[in-house]
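Coordinate analysis (summary)
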Amino acid sequence: MDLKLFNTMGRELQTFKPVQPNKVGIYACGPTVYNNAHVGNLRTFIMVDILRRVMELAGYEVKLVMNITDVGHLSSDADDGEDKMEASAREKKMTVWDIAEYYTKAFFDDTSSLNIIKPSVTCKATDHIDSMINLVKRLEEKGFTYEAGGNVYFDISKFPDYGKLAKLNLDDLQAGSRIVVDKYKKNPHDFVLWFTQSKYENHAMLWDSPWGKGYPGWHIECSAMSMEYLGDTFDIHCGGIDLIPVHHTNEIAQSEAATGVKWVNYWVHGEFLVTPKGKMSKSTGDFMTIKGLIEQGFDPLDYRYFCLTGHYSSQLQFSLDAMESAQNARKSLMQKIQTMREKTGGFPQGFNGDLSAHYNSFVENAMNNLNMPRCLGDMWNLIRDDSISDEEKLYTIKKMDAVFGLSLDKEPVKLDLDGEIQKLVDDRTTARKNKDWARADEIRDKLLDMGIVLEDTPQGVRWKKK
RNA sequence: GGCGCCGUACCCAAGUGGUAAGGGAGAGGUCUGCAAAACCUUUAUGCACCGGUUCGAAUCCGGUCGGCGCCUCCA
């Protein structure tokens, strides 16, 4: 079956054709590690994770490369503002290097709590400065650059297709409508490849280069590292939708100018997580983190489930109500699975015969531009279908979960009831046998206060944490 | 000013020409000593509004209203 993806380049649904048979190379723009990621950032990484899992479902061997932006990026324009990482470091009295490491770890803690599979290659920008310098040199040799005011700029007038991805119409853009244009630029859309001039003093991250001591421009790391690990032309580049007009546009220009060949075949962009006030962002203070969700009583996987209920290419409305709805749905899902595995003795190792139409529909929907909301619907329809045995359901669910990544086969946490609680449960069972309902209900209420919920099933009493 | 997206039930959300997936919440019921859980049933003659194209439109076209994003680093 063909896998179809919406390619931002061309803005249409296209059948995926790999550069190399049965293999797929994916580059994902990773985090800038100067702060905790918020759940909006994380939505994009869940999307990338779904993409790689669907690729695996389709039988491809996946090589996923993700960068860690640990070189400080400016908080505003080139001639203004300070390094985000330095600002953060000063606040926390740590060196920039410490803080990068700290937030890199925090990022991977978040992603692993969301069941996001680690990329095949994770590359730090600061480990690849030489590659970036070499790339800038190549651009310089080919005449795509100029030096001004101490910095090396990319000259977009030398690259005819500039802005194609974003469908930019350079004449109509109000350059500088919100910021002051760098006076050294020949064209407002030219961008810096290498900085030696920085407005702020004592920049902590500096490297020697042919143009002087300095640091790389914002976009060069992704071009340098993606080509280093995936080759001059690779299959898929993904990231958030906000990266289209500037970051990815500039990456394409510098990459293709350097190699002279097409750089990326498919561009996949994830839409924003939004709140009633607009997009979730750190700068407005209107954001939520994984830690925050946990404090609100959610499991990170509730958030993953929530993300799967919306299509990656559409904005998704974040709210605590929506989170609660996802939490309830996931709880109920786990409960149904638990009931089935208790009845059948667990997930079967294999299954003889063809799987139901629900599974076929699931695969079709996954292959159709990663339509997870539909896939989730397929799973619910499967669970509800009386004509299918519990064994087949469990087997199918496990296969589906390879894409969902919801740990649906996870054993529920067995509570170690301490002696006192166990005694209460036993007392209640005795009371019920003697039809002493008042006593039984009294014990049930007491346990509820202790956070233990009881369920009476034909197989006996079952308990779980509230 | 330019580019782009969106408006589907109480809430979240699929569906982009063939007669409205799924989940949550609510309601009714079965079961149960009662609860809980589970299971069943139920909730949009209509998809912002007004026109048009079509045998047929939530889906295509034009317009109106409303919301949002980008043009600055941003997932």
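Here, the structure is the one placed above.
A few points on the structure. (Residues numbered from 1 in each chain as written. Chains lettered and ligands numbered in written order. Predicted model: local features only at pLDDT ≥ 70, side-chain atom pairs only at ≥ 80, totals over all residues. Heavy atoms only, no water.)

With that settled, consider the state of the cysteines. The tally for this structure, following the rule as stated, stands at 0 disulfides. Cys-222 provides the cysteine sulfur closest to Cys-123, a residue in no disulfide bond, and the two sulfurs are 8.3 Å apart. The buried category is assigned to Cys-123, whose relative accessible area is 1%. (Disulfide = S-S within 2.5 Å. Buried < 20%, exposed > 50% of the residue type's maximum accessible area, 1.4 Å probe, protein only.)

Turning to the pairing of strand 2 (residues 12–15), a few remarks are in order. Two strands pair when backbone bridges link them, and strand 1 (residues 4–7) and strand 2 are joined in this way by 4 bridges, in the antiparallel orientation. Bridge pairing in strand 2 links Leu-5 to Gln-14. (Pairing = 2+ DSSP bridges. Helix = DSSP H or I, 4+ residues; strand = E, 2+ residues; numbered from the N terminus.)

Axis separation between helix 1 (residues 39–57) and helix 12 (residues 390–404) bottoms out at 7 Å; the angle between their running directions is 135°. Put simply, helix 1 runs oblique to helix 12. Between helix 1 and helix 12, the contacting residues are Ile-50, Arg-53, Val-54 and Leu-57 on the first element and Asp-401, Ala-402, Val-403 and Phe-404 on the second. Split into classes, the residues belonging to the contact of helix 1 with helix 12 amount to 6 nonpolar, no polar and 2 charged. (Axes fitted to C-alpha atoms, helices over the stretch in contact; angles between N-to-C directions. Parallel < 35°, antiparallel > 145°, perpendicular 65-115°, else oblique. Contact = heavy atoms within 4.5 Å. Nonpolar A, V, L, I, M, F, W, Y, C, P; charged D, E, K, R; others polar.)

Turning our attention to the packing of helix 1 against helix 8 (residues 300–308). As a packed pair, helix 1 and helix 8 sit with axes 10 Å apart at the nearest point and diverge in direction by 70°. Relative to helix 8, helix 1 is oriented roughly perpendicular. Every residue of helix 8 that contacts helix 1 at Val-39, Gly-40, Leu-42, Arg-43, Ile-46, Asp-49, Ile-50 and Arg-53 is listed here: Tyr-303, Arg-304, Cys-307 and Leu-308. A class-by-class count of the residues in the contact of helix 1 with helix 8 yields 7 nonpolar, 1 polar and 4 charged.

Per the stated rule, a full pass over the model turns up 15 salt bridges. In this structure, Asp-390 and Lys-343 form a salt bridge, with 3.6 Å as the shortest nitrogen-oxygen distance. Here the residue Asp-390 occupies a position in helix 12, and Lys-343 occupies one in helix 9 (residues 320–344), the gap between them amounting to 47 residues. Salt-bridge contacts for Arg-444 lead to Asp-441; the nearest nitrogen and oxygen are separated by 3.4 Å. Within this pair, Arg-444 and its partner Asp-441 are both found in helix 14 (residues 437–449), separated by 3 residues, close to a single helical turn. One salt-bridge network, in which partners are shared between bridges, spans Asp-49, Arg-53 and Arg-304. (Salt bridge = Lys/Arg side-chain N within 4 Å of Asp/Glu carboxyl O.)

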